[in-house]
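Each chain is listed here by its residues.
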Amino acid sequence: TKKRARPARNGVDSHRIQAVTGATRRRRATCLARLDLPKQSPIPSDFDKPFYDACNEERLVVQHCAACNRYQFPPRAMCPRCGNPNLAWQPVSGRGWIRGRVVVYDTPVSALIPGQPFNVASISLEEEPDLTMLSHLPGVPVDQVPIGAAVEVMFETTPATGQKVPEWRLVE
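Keep in mind the model is a prediction, meaning the values are calculated, not measured.

Tell me what's going on with the sheet that holds strand 1 (residues 61-65), and back it up with residues and numbers.
Strand order in the open sheet formed by 3 strands is 2-1-3, and the pairing between neighbours is antiparallel. Single-partner strands in this sheet number two, and they are strand 2 (70-72) and strand 3 (87-91). Sheet twist, expressed as the mean angle between neighbouring strand axes with direction ignored, is 45°. Both strand 1 and strand 3 contribute to a ladder of 5 bridges, which runs antiparallel. Bridge pairing in strand 3 places Val 62 opposite Gln 90.

Here it is in structure tokens:
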């Protein structure tokens, strides 16, 4: 009798899964000394284009609601507090502080796997402490993020599209 071929899992045969897993292990082993994480390259939509255009000019802007005098991020169609749909993009100082942090040991994002473990810090802006942005805090050793420390924005160019994105660094 002939042996039946093992059915594919989710449409992918098991040999392909093993090959991908092996490639991931090799990539992880060769990139362990890497100090910076690759930046994902966003493709701006009409909705968030003003934010990314400002980033390309190395300026940080966020939406502002004049009705309740509140800044917000990420971009939304209307103010979540008062429902005002007339939001304006306003420049902010690019200064803030570290509100909290986690260390990522097992990311589902394949491009970030070689850099594990890595920091993810929540940053509160000087102008709006309830507004939070995220950062990997380049140059800060894993698990040594100083909660409450002052930070300032910097802009990094993403490799795939050249789009600049905000990142944060400790103020010395």
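How would you explain the packing of aromatic side chains if you had to name every residue and give the values?
As enumerated under the stated definition, the model contains 2 aromatic pairs in all. Where Phe 51 meets Tyr 52, the ring centres are 5.0 Å apart and the plane angle is 80°; that geometry is what we call edge-to-face. Assigned by exposure class, Phe 51 and Tyr 52 land together as buried. The buried category is assigned to Phe 51, whose relative accessible area is 3%. One aromatic cluster in this structure is built from Phe 51, Tyr 52 and Phe 73.

Break down helix 2 (residues 49-56) for me, with residues and values.
Each turn of an α-helix holds 3.6 residues, which means side chains three or four residues apart point in the same direction. Every buried residue belonging to helix 2 is among Phe 51, Tyr 52, Ala 54 and Cys 55, and all of these are buried. One side of helix 2 carries all its buried residues, which in axial view fall inside an arc of 155°. Taken together, the buried residues of helix 2 touch strand 1, strand 3, strand 6 (132-135), strand 7 (150-157) and strand 8 (164-170). Immediately downstream of helix 2, the backbone of Glu 58 shows phi near 60°, a positive value.

A description of the sheet that holds strand 6 should follow, citing residues and the corresponding values.
Taken together, 5 strands build an open sheet; the order of strands is 6-5-4-7-8 and the sheet is antiparallel. Every other strand in the sheet has two partners, leaving strand 6 and strand 8 as the edge strands with one partner each. Direction aside, neighbouring strands of the sheet carry axes that sit 40° apart on average. Judged from the 3 bridges that link them, strand 4 (residues 95-104) and strand 7 form a sheet pairing that is antiparallel. Opposite Arg 95, over in strand 7, you have Glu 152 as the bridge partner. Where helix 2 meets the sheet, its contacts fall on strand 6, strand 7 and strand 8, and the angle it forms with strand 8 comes to roughly 60°.

Thresholds applied
- Residues numbered from 1 in each chain as written.
- Predicted model: local features only at pLDDT ≥ 70, side-chain atom pairs only at ≥ 80, totals over all residues.
- Heavy atoms only, no water.
- Pairing = 2+ DSSP bridges.
- Helix = DSSP H or I, 4+ residues; strand = E, 2+ residues; numbered from the N terminus.
- Axes fitted to C-alpha atoms, helices over the stretch in contact; angles between N-to-C directions.
- Phe/Tyr/Trp six-rings, centres within 6.5 Å; stacked < 30°, edge-to-face > 60°.
- Buried < 20%, exposed > 50% of the residue type's maximum accessible area, 1.4 Å probe, protein only.
- Arc of directions from axis to C-beta.
- Contact = heavy atoms within 4.5 Å.

All quantities given are derived from atomic positions and should not be read as evidence of function.
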